[in-house]
Number of protein chains: 4
Amino acid sequence: MSLKRRTYEIVELAGPGDHVSRAFDIAILLLIALNVAAMIAETVAAIRERYGAALWALEILSVAIFTLEYLLRIWSCTIHPRYRHPLWGRLRFALTPMALIDLFAVLPFYLPFVGVDLRFFRSVRMFRVFRLAKLGRYSTALRLIRDVLTAHKEELAVSLFVMLLLLVTASCLIYYAESEAQPDAFSSIPAAMWWAAATLTTVGYGDVCPITPVGKVLGAVIAVLGVGMFALPTGILGAAFVERIGKRKAASAVCPHCGRSMDGESVA
Amino acid sequence: MSLKRRTYEIVELAGPGDHVSRAFDIAILLLIALNVAAMIAETVAAIRERYGAALWALEILSVAIFTLEYLLRIWSCTIHPRYRHPLWGRLRFALTPMALIDLFAVLPFYLPFVGVDLRFFRSVRMFRVFRLAKLGRYSTALRLIRDVLTAHKEELAVSLFVMLLLLVTASCLIYYAESEAQPDAFSSIPAAMWWAAATLTTVGYGDVCPITPVGKVLGAVIAVLGVGMFALPTGILGAAFVERIGKRKAASAVCPHCGRSMDGESVA
Amino acid sequence: MSLKRRTYEIVELAGPGDHVSRAFDIAILLLIALNVAAMIAETVAAIRERYGAALWALEILSVAIFTLEYLLRIWSCTIHPRYRHPLWGRLRFALTPMALIDLFAVLPFYLPFVGVDLRFFRSVRMFRVFRLAKLGRYSTALRLIRDVLTAHKEELAVSLFVMLLLLVTASCLIYYAESEAQPDAFSSIPAAMWWAAATLTTVGYGDVCPITPVGKVLGAVIAVLGVGMFALPTGILGAAFVERIGKRKAASAVCPHCGRSMDGESVA
Amino acid sequence: MSLKRRTYEIVELAGPGDHVSRAFDIAILLLIALNVAAMIAETVAAIRERYGAALWALEILSVAIFTLEYLLRIWSCTIHPRYRHPLWGRLRFALTPMALIDLFAVLPFYLPFVGVDLRFFRSVRMFRVFRLAKLGRYSTALRLIRDVLTAHKEELAVSLFVMLLLLVTASCLIYYAESEAQPDAFSSIPAAMWWAAATLTTVGYGDVCPITPVGKVLGAVIAVLGVGMFALPTGILGAAFVERIGKRKAASAVCPHCGRSMDGESVA
């Protein structure tokens, strides 16, 4: 039991003063960074030819360490009151987003017999970084951003939905305007959606472009609406940050003269 | 009369606990989604050839259901006090934006004899979704966004007007700078407007580009002004969201002096 | 004197109930809109060939009316206490931005003997619209936007200056990175500025692109900094709008219980 | 000692009424502007051929003046209490960002024997402008922007980190989707990163574009996430500006209860 508790303390985030656990956190963080770098480097033909063996060794080593870490985490999670039950507690723990990311980070290695190419799943490893982002002083900033996104997820979802409606409408309109003049580029509404997405997000690759006068007028109007697509989520997030930062300050404001809280909500 | 009231309850939004009405709402929502998907799929040649008959059957079925729903809505709307009058009330109801959308969603089907191609009107069906967006918890978010856009429509209109002035000015200037060097791309001010719209919205397709030094300097200045075109509506919407979210909070705040609600609007 | 005062009332903005002055304002507004449309249409070869004479007649008529209006304005401006002096008052009035715009709107017509092509000065006429923008309910919105831009012009100027520094730095760096690989596109720093301006504003035409690895890394970094170039003025304007809209509301807020102003600043 | 103090007063920012020091500041500012202009002009072949000698003379003169100024600054900095120590004080002063910029502005000239081309270091001179930006009324605006960026650097760093994660993920996904169809443009993940950076920042050059259906869907989703990349830092900066401008106002507000200043920071 004592070994399990110590394991739990080490694989979970370091408490203050626990140097072993902290060293473990940093080692895992470095290994993740090394893995992502290797994953990127491996796709460059020149590097793959020259350092292929070393990259393969790193891959095996990483998967071994990540697998061991995952198993230790599953084994020791019953220390936490929420996951106390030996079976159901462990299952609930294994289904938390962070544990799933840990699983997907190693699973592809063990599934080479699956027909589809699962190599891109390796990029999931990168997201393991989030677990460790709780380290140190960036945690307040990360929590602020996460809180803001969570508190206003309905508004952001509605923005996304409005954008989707605009995307479909724009694609339909440009399809009817351009499909005769450019039967290749605007062969169907799904094809027109590629142009509409590039325009509404103001990316504007320019690989497909309206050429008819009607199409150009439509294109200009859609591009202007695209500006609004930026303004809506930006305005929502801006207001959300104002509210959060203001709340954080108000909670700690005290009247300098009488020592009472300036916060109207918490006055008795 | 009782049948009319029940019909009204079903075709209008579901009250709490009215499972029949709720099922109706969801069925209509699914039919709309299916219709939009069919409309998009139909333009892909491969799908049209293979599933043309099925799509046509879906179209006839949808129009039948939407028409029936529209007629039921018109028939039963007199239950609502605002549209009580058998003729004028129904007419007023038929001219509300939501009822017009319902009408335009089916009308093109009945007007094949009209010369112009009305098929793109089918995309109007998509907007029927807004009626059902009132369902459930997204309604607060949708109302917030609508309120913000309504309360600041003058500021947004002025932003749009400033953008229009900039667009015309930019087109004139670039026309005089580039029309000699590129008589095809910048053949006239309306042609130059296509470039100006793509630049001010920072889409930047690159199909038309200034090539003279004067044109490039102008282009850079116009692109920078385009950044301002994003900043203005975004700033306005940001402030509007701050104000709304603040007001929503203020409505639940308590005065620190007498303990009564600070909300001036709901005080007797 | 009475004629001069009446002229002043008519050519300046209409007071409430002064229907003659209001009709004059609207007539001038329509003439400006017609002029801008004619200026744009004239550059289209097909229209110029067919309606050239009519457009020329409109031009002469417009210049005549605008000149007359300008002279009446100069003549009658001495009614206003600020421009009372027959000579210096009129000169001061003639040098106000709005009067200068009125002058530049007609001047090019009278200067055909000047070597350079002054036709593009005609686009100045468009800005005469601003005088009339004071009409009606959009004036509050226009004033709000103008106030915000004026109150924070130092911050916006600093943003612009930071952008200029970034532009020059980015151009230098990309020039040294790409000039060997692409001696045509990046022949000099001024040439590289065209690319840098398109990238920092995220327009991204794609007519010039880095092709070396160093250039691409630089390009990506500069593009990310370009995102910051949007965030800075947008953040400033957002905060400015929050402040203005908040102030406007605070000035009119009264405590619902005791009738005293909720505004802490104006309490006796 | 008196000479050293006078030198310090002149090379540091002018106090009010010190016309000699102010003239020195403005002269240095003009020389910097001239230098930047020369550096840009020199890269244009036509100008270099014609005015090469003059530009070279300006370069030597500038380096001489900047070197002299740097030495005077190092010599006289001991006047300031923080840098009092003849050796360590001067070293600490030499390592301040502004002093390092001053050093890098002249160093490349003295290091022609170094193999690598250091000419682009000359662009560092431009940043000397920041020292003089403290002049006059723009200093408040510059300080506001700097304060906002400093106070929220964690949030901005987290935004940048989220963007980096998105960049790597997007590159991996698009590489697996497009590398078969376009082995040249998407030859490796680092090559795919160029496309991902251009898309996430909504620059969208269009030199590389997805062509497979999966790649286009991915591209559209990544472009939409790119909109979020703008919204996050803009929202953070917007909220930060709201907070700062509010604080500036609060500092001058008077408490409605006792009439004393509400500014908690300046109360004795």
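Residues numbered from 1 in each chain as written. Chains lettered and ligands numbered in written order. Predicted model: local features only at pLDDT ≥ 70, side-chain atom pairs only at ≥ 80, totals over all residues. Heavy atoms only, no water.

(A) Representation of the overall build of chain A in the model. Summing up its helical and strand segments, chain A has ten helices and zero strands in all. Each helix and strand of chain A, placed in order from N terminus to C terminus, yields the pattern α-α-α-α-α-α-α-α-α-α. The proportion of buried residues among the 268 residues of chain A is 47%. For chain A, long-range pairs separated by at least 24 residues make up 61% of all intrachain contacts whose partners lie at least 6 apart in sequence. Surface exposure of chain A reaches about 13,300 Å², of which carbon and sulfur atoms provide 69%. (Helix = DSSP H or I, 4+ residues; strand = E, 2+ residues; numbered from the N terminus. Buried < 20%, exposed > 50% of the residue type's maximum accessible area, 1.4 Å probe, protein only. Contact = heavy atoms within 4.5 Å. Areas by Shrake-Rupley, 256 points an atom, 1.4 Å probe, with all protein chains shown as cover.)

(B) Region of interest: the environment of Val11 of chain A. Residues and elements named next belong to chain A. Inspection of the secondary structure assignment puts Val11 in helix 1 (residues 2-11). On the accessibility criterion, Val11 (4% relative accessible area) is buried. Residues Val11 and Leu72, 61 residues apart in the sequence, show an inter-C-alpha distance of 7.5 Å. Dropping the residues within four chain positions of it, Val11 is found in contact with Phe24, Leu72, Arg73 and Ser76.

(C) Focus on helix 9 (residues 189-200) of chain C. Residues and elements named next belong to chain C. For helix 9, built from twelve residues, the straight-helix expectation of 16 Å at 1.5 Å per residue is met to within 8% by its first-to-last C-alpha distance of 15 Å. For helix 9, the buried fraction is high: nine of the twelve residues fall into the buried class. Turning to helix 9, its buried residues are Ile189, Ala192, Trp194, Trp195, Ala196, Ala197, Ala198, Thr199 and Leu200. Remark: Thr202 follows helix 9 within two positions and exhibits a positive phi of approximately 60°. (Expected span 1.5 Å × (residues − 1).)

(D) Inspection of the side chain of Glu178 of chain C at higher detail. Residue and element names in this part refer to chain C. Summarising the element assignment, Glu178 is placed in helix 8 (residues 153-178). Buried within the structure, Glu178 lacks any salt-bridge partner; Lys216 is the closest side chain of opposite charge, at an N-O distance of 8.1 Å. A distance of 3.1 Å separates a polar side-chain atom of Glu178 from the backbone nitrogen of Ile211. Contact partners of Glu178, with chain neighbours within four places excluded, come to Phe186, Cys209, Pro210, Ile211, Thr212 and Gly215. (Lys, Arg positive; Asp, Glu negative; His and termini not counted. Salt bridge = Lys/Arg side-chain N within 4 Å of Asp/Glu carboxyl O. Polar contact = N/O pair within 3.5 Å; in protein donor to acceptor, adjacent residues only side chain to side chain.)

(E) The packing of helix 3 (residues 45-76) of chain D against helix 5 (residues 97-110) of chain D, seen in detail. All names here are of chain D. Relative orientation of the contacting elements helix 3 and helix 5 amounts to 140°, with a least axis distance of 10 Å. Of the possible angle classes, the one that applies to helix 3 and helix 5 is oblique. As for the relative orientation of helix 3 and helix 5, their crossing is left-handed in sense. Facing helix 3, whose interface residues are Trp56, Glu59, Ile60, Val63, Phe66, Thr67, Tyr70 and Arg73, helix 5 presents Ala99, Asp102, Leu103, Val106, Phe109 and Tyr110. Partitioning the contact of helix 3 with helix 5 into residue classes produces ten nonpolar, one polar and three charged. (Axes fitted to C-alpha atoms, helices over the stretch in contact; angles between N-to-C directions. Parallel < 35°, antiparallel > 145°, perpendicular 65-115°, else oblique. Left-handed = near helix turned anticlockwise from the far one by under 90°. Nonpolar A, V, L, I, M, F, W, Y, C, P; charged D, E, K, R; others polar.)

(F) View of the packing of aromatic side chains. For the structure shown, the criterion picks out 20 aromatic pairs over all chains. Residues Tyr83 of chain B and Phe93 of chain B carry aromatic rings whose centres are separated by 5.3 Å and whose planes lie at 75° to one another, so their mutual orientation is edge-to-face. Here Phe93 of chain B lies in helix 4 (residues 88-94) and Tyr83 of chain B lies in the loop between helix 3 (45-76) and helix 4, a separation of ten residues in the sequence. When the ring of Trp194 of chain C is compared with that of Tyr205 of chain C, the centres are 5.4 Å apart and the planes differ by 15°; the resulting orientation is stacked. Pair noted here: Trp194 of chain C is in helix 9 and Tyr205 of chain C is in the loop between helix 9 and helix 10 (213-250), with a separation of eleven residues, a long-range link. A residue is classified by how much of its surface remains accessible, and Trp194 of chain C, at 5% relative accessible area, is buried. Each member of the aromatic cluster is reached from another via a ring pair, and the members are Phe230 of chain A, Phe230 of chain B, Phe230 of chain C together with Phe230 of chain D. (Phe/Tyr/Trp six-rings, centres within 6.5 Å; stacked < 30°, edge-to-face > 60°.)

(G) Looking closely at the nonpolar core. Formed by 204 residues in total, the largest nonpolar core has its most connected members in Phe241 of chain A, Phe241 of chain B, Phe241 of chain C together with Phe241 of chain D. With near-sequence residues (within four places) excluded, Phe241 of chain C lies in contact with Leu232, Gly235, Ile236 and Ala239 of chain B together with Leu144, Ile145 and Val148 of chain C. By size, the runner-up hydrophobic cluster in this structure holds eight residues, among which are Phe230 of chain A, Val227 and Phe230 of chain C together with Val227 of chain D. (Core = buried A, V, L, I, M, F, W, Y, C linked by side-chain atoms within 4.5 Å.)

(H) Structural detail: unusual backbone geometry. Residue and element names in this part refer to chain A. Look at Thr202: it is not a glycine, yet its phi comes out positive at around 60°. Relative to the elements of secondary structure, Thr202 occurs in the loop between helix 9 (189-200) and helix 10 (213-250). With relative accessibility at 0%, the residue Thr202 sits in the buried group.

Note that every value here comes from positions in space, so none of it alone points to a role or purpose.
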